[in-house]
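Topology and contacts: notes
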Amino acid sequence: MGSSIPHWAGITAASRSGGKNLNLDRLGVQVKWITKSGMKWKDLDSSFESEIKKVASPNYIFIHLGANDLVFMKSKELIENIKCSILRIKVFAPDIRIIWSDILPRPYWHGTLRPKLVEIARKRVNCAVRSFIKTEGQYISRYPAIKASEHNLFRHDGCHLSQVGIGIFLNNIQAAIETFVLGVAKVFPPDK
(Lines give C-alpha, C1' and ligand atoms only; values in the text may rest on other atoms or scores of the structure.)
Protein backbone atom coordinates (compact mmCIF):
# COMPACT_ATOMS: atom_id res chain seq x y z
CA MET A 1 0.00 0.00 0.00
CA GLY A 2 1.20 3.48 -0.66
CA SER A 3 1.36 6.63 -2.71
CA SER A 4 2.76 7.39 -6.16
CA ILE A 5 6.10 5.55 -5.85
CA PRO A 6 4.48 2.14 -5.32
CA HIS A 7 1.78 3.16 -7.81
CA TRP A 8 4.31 3.59 -10.62
CA ALA A 9 6.28 0.58 -9.38
CA GLY A 10 3.16 -1.59 -9.72
CA ILE A 11 2.55 -0.37 -13.27
CA THR A 12 6.20 -1.02 -14.16
CA ALA A 13 6.17 -4.45 -12.48
CA ALA A 14 3.25 -5.56 -14.67
CA SER A 15 5.42 -5.11 -17.77
CA ARG A 16 8.57 -6.75 -16.35
CA SER A 17 9.59 -10.37 -16.33
CA GLY A 18 7.87 -11.86 -13.29
CA GLY A 19 4.95 -9.47 -13.66
CA LYS A 20 3.02 -7.73 -10.92
CA ASN A 21 3.83 -10.62 -8.56
CA LEU A 22 7.55 -9.81 -8.90
CA ASN A 23 8.33 -13.41 -9.82
CA LEU A 24 7.29 -14.46 -6.31
CA ASP A 25 4.55 -16.84 -7.51
CA ARG A 26 7.08 -19.64 -7.06
CA LEU A 27 6.88 -18.97 -3.30
CA GLY A 28 3.09 -18.84 -3.34
CA VAL A 29 3.10 -15.03 -3.08
CA GLN A 30 0.47 -12.94 -4.82
CA VAL A 31 0.98 -9.18 -4.82
CA LYS A 32 -1.92 -6.74 -4.88
CA TRP A 33 -0.88 -3.13 -5.46
CA ILE A 34 -3.17 -0.79 -3.50
CA THR A 35 -1.99 2.72 -4.25
CA LYS A 36 -3.17 6.28 -4.60
CA SER A 37 -1.09 9.14 -5.93
CA GLY A 38 -0.75 11.79 -3.26
CA MET A 39 -1.81 9.38 -0.52
CA LYS A 40 -1.04 10.59 2.99
CA TRP A 41 -0.72 8.68 6.22
CA LYS A 42 -4.24 9.67 7.34
CA ASP A 43 -5.58 7.69 4.35
CA LEU A 44 -3.98 4.39 5.37
CA ASP A 45 -6.40 3.21 8.04
CA SER A 46 -9.56 3.67 5.96
CA SER A 47 -7.91 2.24 2.83
CA PHE A 48 -6.69 -0.81 4.75
CA GLU A 49 -10.05 -1.42 6.42
CA SER A 50 -11.87 -1.03 3.10
CA GLU A 51 -9.56 -3.54 1.37
CA ILE A 52 -9.62 -6.05 4.22
CA LYS A 53 -13.44 -6.14 4.01
CA LYS A 54 -13.27 -7.07 0.30
CA VAL A 55 -10.87 -10.00 0.55
CA ALA A 56 -9.40 -12.32 3.13
CA SER A 57 -6.65 -10.88 5.28
CA PRO A 58 -3.29 -11.05 3.49
CA ASN A 59 -0.24 -12.65 5.05
CA TYR A 60 1.78 -9.45 4.65
CA ILE A 61 1.10 -5.76 4.18
CA PHE A 62 3.91 -3.73 2.63
CA ILE A 63 3.51 -0.05 3.52
CA HIS A 64 5.40 2.60 1.57
CA LEU A 65 3.92 5.86 2.75
CA GLY A 66 4.75 9.03 4.65
CA ALA A 67 6.80 11.14 2.23
CA ASN A 68 3.77 13.28 1.36
CA ASP A 69 3.32 14.08 5.06
CA LEU A 70 6.88 15.18 5.86
CA VAL A 71 6.57 18.74 4.59
CA PHE A 72 3.23 19.38 6.29
CA MET A 73 3.52 17.53 9.60
CA LYS A 74 5.98 17.54 12.47
CA SER A 75 8.04 14.34 12.51
CA LYS A 76 6.94 13.53 16.08
CA GLU A 77 3.27 13.67 15.04
CA LEU A 78 3.91 11.55 11.95
CA ILE A 79 5.79 8.94 14.01
CA GLU A 80 2.88 8.72 16.46
CA ASN A 81 0.38 8.40 13.60
CA ILE A 82 2.45 5.62 12.04
CA LYS A 83 2.71 3.75 15.34
CA CYS A 84 -1.03 4.04 15.94
CA SER A 85 -1.82 2.74 12.44
CA ILE A 86 0.51 -0.21 12.84
CA LEU A 87 -1.04 -1.11 16.19
CA ARG A 88 -4.52 -0.71 14.68
CA ILE A 89 -3.61 -3.08 11.82
CA LYS A 90 -2.34 -5.62 14.35
CA VAL A 91 -5.65 -5.45 16.26
CA PHE A 92 -7.79 -5.52 13.10
CA ALA A 93 -5.79 -8.37 11.48
CA PRO A 94 -3.62 -10.00 14.19
CA ASP A 95 -2.05 -12.59 11.87
CA ILE A 96 -0.86 -10.10 9.29
CA ARG A 97 2.87 -9.38 9.06
CA ILE A 98 3.71 -5.72 8.53
CA ILE A 99 6.57 -4.59 6.30
CA TRP A 100 7.69 -1.00 6.86
CA SER A 101 9.21 0.44 3.70
CA ASP A 102 11.60 3.30 4.45
CA ILE A 103 10.63 6.75 3.22
CA LEU A 104 13.00 7.46 0.34
CA PRO A 105 15.28 10.48 0.06
CA ARG A 106 14.71 12.80 -2.86
CA PRO A 107 16.48 15.71 -4.54
CA TYR A 108 13.44 17.97 -4.21
CA TRP A 109 10.69 18.25 -1.58
CA HIS A 110 7.62 20.06 -2.94
CA GLY A 111 6.11 22.64 -0.63
CA THR A 112 9.15 23.65 1.40
CA LEU A 113 11.90 26.21 1.24
CA ARG A 114 13.87 24.22 3.82
CA PRO A 115 14.60 20.83 2.23
CA LYS A 116 17.45 20.06 4.63
CA LEU A 117 15.00 20.13 7.54
CA VAL A 118 12.66 17.78 5.67
CA GLU A 119 15.57 15.41 5.05
CA ILE A 120 16.41 15.46 8.77
CA ALA A 121 12.75 14.72 9.55
CA ARG A 122 12.74 11.84 7.00
CA LYS A 123 15.74 10.24 8.69
CA ARG A 124 14.20 10.77 12.14
CA VAL A 125 10.91 9.15 11.07
CA ASN A 126 12.64 6.18 9.41
CA CYS A 127 14.85 5.60 12.45
CA ALA A 128 12.00 5.82 14.97
CA VAL A 129 9.65 3.65 12.94
CA ARG A 130 12.36 1.03 12.28
CA SER A 131 13.00 0.82 16.02
CA PHE A 132 9.27 0.48 16.73
CA ILE A 133 8.81 -2.13 13.99
CA LYS A 134 11.67 -4.19 15.45
CA THR A 135 10.12 -4.14 18.93
CA GLU A 136 6.83 -5.27 17.38
CA GLY A 137 8.60 -8.20 15.67
CA GLN A 138 7.71 -6.96 12.20
CA TYR A 139 9.71 -6.39 8.97
CA ILE A 140 11.75 -3.57 7.42
CA SER A 141 12.66 -2.84 3.81
CA ARG A 142 15.46 -0.29 3.33
CA TYR A 143 16.88 1.24 0.12
CA PRO A 144 20.57 2.11 0.57
CA ALA A 145 21.12 2.23 -3.21
CA ILE A 146 18.59 5.06 -3.64
CA LYS A 147 20.28 8.35 -2.82
CA ALA A 148 19.03 11.88 -3.45
CA SER A 149 22.43 12.75 -4.95
CA GLU A 150 21.90 10.16 -7.72
CA HIS A 151 19.77 12.34 -9.98
CA ASN A 152 19.43 9.62 -12.63
CA LEU A 153 17.27 7.66 -10.14
CA PHE A 154 14.62 10.41 -10.18
CA ARG A 155 12.34 11.99 -12.74
CA HIS A 156 12.80 15.63 -13.71
CA ASP A 157 10.52 16.68 -10.81
CA GLY A 158 13.13 15.46 -8.30
CA CYS A 159 10.38 13.70 -6.38
CA HIS A 160 9.33 10.55 -8.27
CA LEU A 161 11.61 7.71 -9.27
CA SER A 162 12.82 7.36 -12.86
CA GLN A 163 12.62 3.99 -14.61
CA VAL A 164 16.11 3.22 -13.30
CA GLY A 165 15.04 4.17 -9.77
CA ILE A 166 11.83 2.14 -10.04
CA GLY A 167 13.90 -0.84 -11.21
CA ILE A 168 16.06 -0.62 -8.08
CA PHE A 169 12.97 -0.13 -5.90
CA LEU A 170 11.23 -3.20 -7.41
CA ASN A 171 14.33 -5.40 -7.16
CA ASN A 172 14.66 -4.39 -3.51
CA ILE A 173 10.98 -5.15 -2.79
CA GLN A 174 11.25 -8.53 -4.50
CA ALA A 175 14.38 -9.49 -2.56
CA ALA A 176 12.91 -8.20 0.72
CA ILE A 177 9.67 -10.15 0.40
CA GLU A 178 11.56 -13.29 -0.61
CA THR A 179 13.86 -12.86 2.42
CA PHE A 180 10.89 -12.41 4.75
CA VAL A 181 8.79 -15.27 3.32
CA LEU A 182 11.74 -17.67 3.56
CA GLY A 183 12.40 -16.56 7.14
CA VAL A 184 15.99 -15.52 6.43
CA ALA A 185 15.81 -12.12 8.18
CA LYS A 186 13.39 -9.40 9.28
CA VAL A 187 15.40 -6.53 7.80
CA PHE A 188 16.41 -6.21 4.15
CA PRO A 189 19.09 -5.53 3.28
CA PRO A 190 20.42 -6.83 6.59
CA ASP A 191 21.86 -4.40 9.13
CA LYS A 192 25.64 -4.30 9.02
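Residues numbered from 1 in each chain as written. Predicted model: local features only at pLDDT ≥ 70, side-chain atom pairs only at ≥ 80, totals over all residues. Heavy atoms only, no water.

An unreviewed UniProt entry annotates the protein as SGNH hydrolase-type esterase domain-containing protein of Mytilus edulis.

**Here we look at the overall build of the protein**
Scanning the protein from terminus to terminus reveals six helices and four strands. Ordered by position from N to C terminus, the α and β elements of the protein give α-α-β-α-α-β-α-β-α-β. Compactness check: the protein gives a C-alpha radius of gyration of 16 Å against a globular reference of 16 Å for 192 residues, within 12% of the reference. Expressed along its principal axes, the backbone C-alpha trace of the protein runs to roughly 45 × 35 × 35 Å. Evaluated residue by residue, the protein yields a buried proportion of 48% over its 192 residues. Expressed as a percentage of contacts within the protein between residues at least 6 apart in sequence, the contacts between residues at least 24 apart total 74%. Entry remark: accessible area of the protein is about 9,900 Å², with carbon and sulfur atoms responsible for 55%. For the protein, the centre of its 28 positive side-chain charges and the centre of its 16 negative side-chain charges are spaced 3 Å apart. (Helix = DSSP H or I, 4+ residues; strand = E, 2+ residues; numbered from the N terminus. Rg over C-alpha atoms; globule rule 2.2 N^0.38 Å. Buried < 20%, exposed > 50% of the residue type's maximum accessible area, 1.4 Å probe, protein only. Contact = heavy atoms within 4.5 Å. Areas by Shrake-Rupley, 256 points an atom, 1.4 Å probe, with all protein chains shown as cover. Lys, Arg positive; Asp, Glu negative; His and termini not counted. Charge placed at Lys NZ, Arg CZ, Asp CG, Glu CD.)

**Quick word on the packing of helix α2 (residues 44-54) against helix α4 (residues 75-92)**
Taken N-terminus to C-terminus, the directions of α2 and α4 make an angle of 20°; their axes are 10 Å apart at the nearest point. Comparing the axis directions of α2 and α4 gives the class roughly parallel. In this structure, α2 crosses over α4, and the sense of that crossing is right-handed. In this structure, α2 contributes Leu44, Asp45, Phe48, Glu49 and Ile52 to the contact, and α4 contributes Ser85, Arg88, Ile89 and Phe92. A class-by-class count of the residues in the contact of α2 with α4 yields five nonpolar, one polar and three charged. (Axes fitted to C-alpha atoms, helices over the stretch in contact; angles between N-to-C directions. Parallel < 35°, antiparallel > 145°, perpendicular 65-115°, else oblique. Left-handed = near helix turned anticlockwise from the far one by under 90°. Nonpolar A, V, L, I, M, F, W, Y, C, P; charged D, E, K, R; others polar.)

**Looking at the pattern of salt bridges**
Applying the stated rule across the entire model yields 10 salt bridges. Here Lys90 and Glu136 are joined by a salt bridge, their closest N and O atoms 2.5 Å apart. Here Lys90, found in helix α4, pairs with Glu136, found in the loop between α5 (115-135) and β3 (139-141); they are 46 residues apart in sequence, far enough to count as distant. In this structure Lys90 comes out as partly exposed when scored by relative accessible area, which is 23%. Among the residues examined, Glu136 registers a relative accessible area of 23% and is labelled partly exposed. Arg130 serves as the salt-bridge partner of Asp102, at 2.7 Å between the closest nitrogen and oxygen. Within this pair, whereas Asp102 is found in the loop between β2 (97-101) and α5, its partner Arg130 is found in helix α5, the two being separated by 28 residues in sequence. By relative accessible area, Arg130 is classed as partly exposed at 25%. Through salt bridges with shared partners, a single ionic network connects Lys32, Glu51 and Lys54. (Salt bridge = Lys/Arg side-chain N within 4 Å of Asp/Glu carboxyl O.)

**So, helix α1 (residues 4-14)**
Side chains that are three or four residues apart share a direction in an α-helix, a result of its 3.6 residues per turn. For α1, every residue scored as buried is listed here: Ser4, Ile5, Pro6, Ala9, Gly10, Thr12 and Ala13. Elements that come into contact with the buried residues of α1 comprise α6 (163-181).

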